[in-house]
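Observations on the three-dimensional arrangement
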Protein chains: 2
Amino acid sequence: MQMTSDHANLLYEGKAKRVFNSNHSDRVLVEFKNDATAFNARKHMQLRKKGFVNCQISACLFEVLEGEQVPNHYLGLIADTCMMAQRVQIIPLEVVVRNIAAGSLCRETPISFGQELPAPLIDLYYKDDEMGDPLLTEARLELLGLLDREQRLEISRLALKVNSVLSTFLDKLQLTLVDFKLEFGCNESGQLLVADEISPDTCRVWDQRNTDLDGRILDKDRFRKDLGGVVEAYEEILKRIQGVCSKPRIYR
Amino acid sequence: MQMTSDHANLLYEGKAKRVFNSNHSDRVLVEFKNDATAFNARKHMQLRKKGFVNCQISACLFEVLEGEQVPNHYLGLIADTCMMAQRVQIIPLEVVVRNIAAGSLCRETPISFGQELPAPLIDLYYKDDEMGDPLLTEARLELLGLLDREQRLEISRLALKVNSVLSTFLDKLQLTLVDFKLEFGCNESGQLLVADEISPDTCRVWDQRNTDLDGRILDKDRFRKDLGGVVEAYEEILKRIQGVCSKPRIYR
């Protein structure tokens, strides 16, 4: 399938994915690219097979969430690097759930890297590359009027449920879900869905079988920190998932 | 009075003030310096008379707050650039109240500069120069355990009351209180007090008699933006305040 040449139907191109119109107005094609970016795209590289691995991991994890009644946009795979999804209006928020302190939390609070948090922490960021995805307080979020109160509560509820489902699932594979970023959107009927992707580009995942501080990292921090073996680490996650999940379904 | 040579009693030296022990364990001397800093002290200059003007403005505004039963650390002046204050344990938070969008709010949200906010917005920042005073969400604040729930509510209540009192007071002098930063501390008896200073270094104040976008600025933005006439602008505020207030009391 040559999605990449079909620019006529291109709806949106992001840093790691392209979204295309499908033959149905309520569905879109989501293609995973090999581009890796970090630090608001100031670091950029092509990583062979990343698109494939992230598409497969995302498909599996969306199916896991589906099995636990977490509404999400995924409908099925249509190619190795491409899934069919419900068309949603994306809410311009990055919803980050943290179980262990890492990344910006450690630069912006005195909480030490690696510290387990007493309860999952939800951080909301305004999705805007030019502004550098700034953190939002509840009061600022309300001021922006991006969500009504019901949507705010529903997003928190769903984010915590995703955390609980995926933490449990990955823990059985001896993988620790440190933190992750979700995006949400509303479909044609106004239903709130988990959208975007769930992959090592958007999650921090540590290998419980490896106690080395760098060696245990199986996510995009390998790319950010120039640790090498980025796609190999992503493949390790996929391999463990495939050990317990059937192949993602094909959308027909 | 030569406070500056008395390093033996120096308790703390900040960017714009020095705090000294007094002869009483529950009181400290707060000396206002002529140093002006911005951008986390990357810009630094001496501005003649600034310490004097800010000390006088702070004293007057603390007396205004006192008249409206807002508990604060100010006790009276002991010299032109020095006040006596209750000794407090400072809570490491910068409590910013905004009436009109300016500064970081405009860099971190799509809200335009100069937009009047539908209600005063409170932003809490973790007071830490090395981290660049990062914004705190309610959840992060709770995680840090800096305040109990009662103190959180009391700080919000006091910050809004200070805003209401000072906005009304300054508006009568044809000055608009755009936003300001407070710090809070607890005295020996555990009472929460407005501490630090309230001056054009910590408030944005616009002159209603001047419609020019730069000309109306009477606060530290003149220094940040290299507009010149910094102390002259501060003196204009002091002049208007002195037009309606008696001289700050002398502490004896």
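Scoring rules and cut-offs
- Residues numbered from 1 in each chain as written.
- Chains lettered and ligands numbered in written order.
- Predicted model: local features only at pLDDT ≥ 70, side-chain atom pairs only at ≥ 80, totals over all residues.
- Heavy atoms only, no water.
- Helix = DSSP H or I, 4+ residues; strand = E, 2+ residues; numbered from the N terminus.
- Rg over C-alpha atoms; globule rule 2.2 N^0.38 Å.
- Buried < 20%, exposed > 50% of the residue type's maximum accessible area, 1.4 Å probe, protein only.
- Contact = heavy atoms within 4.5 Å.
- Areas by Shrake-Rupley, 256 points an atom, 1.4 Å probe, with all protein chains shown as cover.
- Pairing = 2+ DSSP bridges.
- Axes fitted to C-alpha atoms, helices over the stretch in contact; angles between N-to-C directions.
- Salt bridge = Lys/Arg side-chain N within 4 Å of Asp/Glu carboxyl O.
- Polar contact = N/O pair within 3.5 Å; in protein donor to acceptor, adjacent residues only side chain to side chain.
- Domains from an automatic or database assignment.
- Buried area = accessible area lost by both parts, 1.4 Å probe.
- Nonpolar A, V, L, I, M, F, W, Y, C, P; charged D, E, K, R; others polar.
- Expected span 1.5 Å × (residues − 1).
- Phe/Tyr/Trp six-rings, centres within 6.5 Å; stacked < 30°, edge-to-face > 60°.
- Least-squares fit on C-alpha atoms with pLDDT ≥ 70 in both.

1. A word on the overall build of chain A
The number of helices and strands found in chain A is six helices and 15 strands. On C-alpha atoms alone, chain A measures out to a radius of gyration of 17 Å, which is about the 18 Å that the 2.2 N^0.38 rule sets for 252 residues. On the principal axes, the C-alpha backbone points of chain A span a range of 50 × 45 × 35 Å. Relative to its 252 residues, chain A shows a buried fraction of 54%. Counting contacts in chain A only where the partners sit at least 6 residues apart, residues at least 24 apart contribute 59% of the total. As displayed, chain A has an accessible area near 11700 Å², and 47% of this comes from carbon and sulfur atoms.

2. Looking at the sheet that holds strand β2 (residues 17-21) of chain A
Residue and element names in this part refer to chain A. What the five strands build is an open sheet, ordered β1-β2-β3-β7-β6; its pairing is antiparallel. Here the strands that pair on one side only, and so sit at the sheet edges, are β1 (10-13) and β6 (74-79). Pairs of neighbouring strands in the sheet enclose a mean axial angle of 25°, with direction left out of account. The sheet contact formed by β6 and strand β7 (residues 82-86) spans four bridges and is antiparallel. Following the sheet pairing, A79 is matched in β7 by C82. Here helix α1 (residues 50-67) sits on the sheet and contacts β3 (27-32), β6 and β7; the angle it forms with β6, its principal contact strand, is near 150°.

3. Some thoughts on the pattern of salt bridges
According to the stated counting rule, one finds 50 salt bridges over all chains in the structure shown. Across the salt bridge formed by D123(A) and R140(B), the nearest N and O atoms sit 2.7 Å from each other. One end of the pair, D123(A), is in strand β10 (residues 116-126); the other, R140(B), is in helix α3 (residues 138-144), on a second chain. Both residues of the pair, D123(A) and R140(B), count as buried. Through salt bridges with shared partners, one network takes in R98(A), E108(A), D123(A), D179(A), R204(A), D221(A), R224(A) and R140(B).

4. Overview of the side chain of D201(A)
Residues and elements named next belong to chain A. Relative to the helices and strands, D201 is located in the loop between β14 (192-194) and β15 (203-207). At 2.6 Å, the side chain of D201 forms a polar contact with the side chain of Y234. Apart from residues no more than four positions distant in its own chain, D201 is found in contact with A16, K50, N54, K220 and Y234.

5. Let's talk about the domain arrangement of chain A
Accessible area lost during the coming together of the parts is what is often quoted as the interface size. Residue and element names in this part refer to chain A. For chain A, the assigned domains are domain 1 (5-86) and domain 2 (89-228). Facing the 30 residues of domain 1 at the interface are 26 residues of domain 2. Summed over both partners, the interface of domain 1 with domain 2 comes to about 2400 Å²; 62% of that surface belongs to carbon and sulfur atoms. The three residues of domain 1 that bury the most area against domain 2 are K43, L61 and P71, which together make up 21% of that side's buried surface. Linking domain 1 with domain 2 are five salt bridges, by the criterion used here. With its nearest N and O atoms 2.6 Å apart, the salt bridge here joins K17 to E197. Connecting domain 1 to domain 2 are 17 residue pairs in polar contact (both at pLDDT 80 or more). Those elements giving two or more residues to the side of domain 1 that touches domain 2 turn out to be β4 (35-38), β5 (43-46) and α1.

6. Here we look at the interface of chain A and chain B
With 26 residues of chain A at the contact, the number on the chain B side is 26 residues. The contact between chain A and chain B buries some 2000 Å² in all, and 72% of this surface belongs to carbon and sulfur atoms. Counting across the interface, chain A meets chain B through four salt bridges. Counting across the chain A and chain B interface gives six residue pairs in polar contact (both at pLDDT 80 or more). At the level of secondary structure, the elements contributing two or more residues to the side of chain A that touches chain B comprise α2 (104-108), β10, β11 (135-136) and α3 (138-144) of chain A. Residue classes in the side of chain A that touches chain B are distributed as 17 nonpolar, three polar and six charged.

7. Things to note about α1(A)
Residue and element names in this part refer to chain A. When the terminal C-alpha atoms of α1 are compared, their 26 Å separation across 18 residues agrees well with the 26 Å that a helix rising 1.5 Å per residue should span. Burial within α1 is extensive, with 15 of its 18 residues counted as buried. Two residues or fewer past α1, Q69 is found with a positive phi of approximately 60°.

8. Considerations on the packing of aromatic side chains
Residues and elements named next belong to chain A. What the rule picks out here adds up to four aromatic pairs over all chains. Their ring planes at 55° and their centres at 5.7 Å tell us that F113 and W206 sit as a pair that is tilted. Taken as a pair, F113 in the loop between α2 and β10 and W206 in strand β15 lie far apart in primary sequence, 93 residues in all. Judged by relative accessible area, which is 41%, F113 ranks as partly exposed.

9. Quick word on the relation of the copies chain A and chain B
Expressed as a screw operation, the relation of chain A to chain B combines 0.0 Å of axial shift with a rotation of 180°, fitting to an RMSD of 0.0 Å. In symmetry terms, the pair is related by a two-fold rotation axis. For chain A, the smallest separation between a C-alpha atom and the rotation axis is recorded for T137(A), amounting to 2.4 Å. Counting the interface residues of chain A, we find that 100% of their copies in chain B are interface residues as well, pointing to one common contact surface.

10. Digging into the environment of V64(B)
Residue and element names in this part refer to chain B. By secondary structure assignment, the location of V64 is in helix α1 (residues 50-67). Taking relative accessible area as the criterion, V64 reaches 16% and is therefore assigned buried. A sequence separation of 73 residues divides V64 from T137, and the C-alpha atoms of the two residues are 31 Å apart. Not counting the four nearest positions on each side in its chain, V64 is found in contact with V165, L166, F169 and C245.

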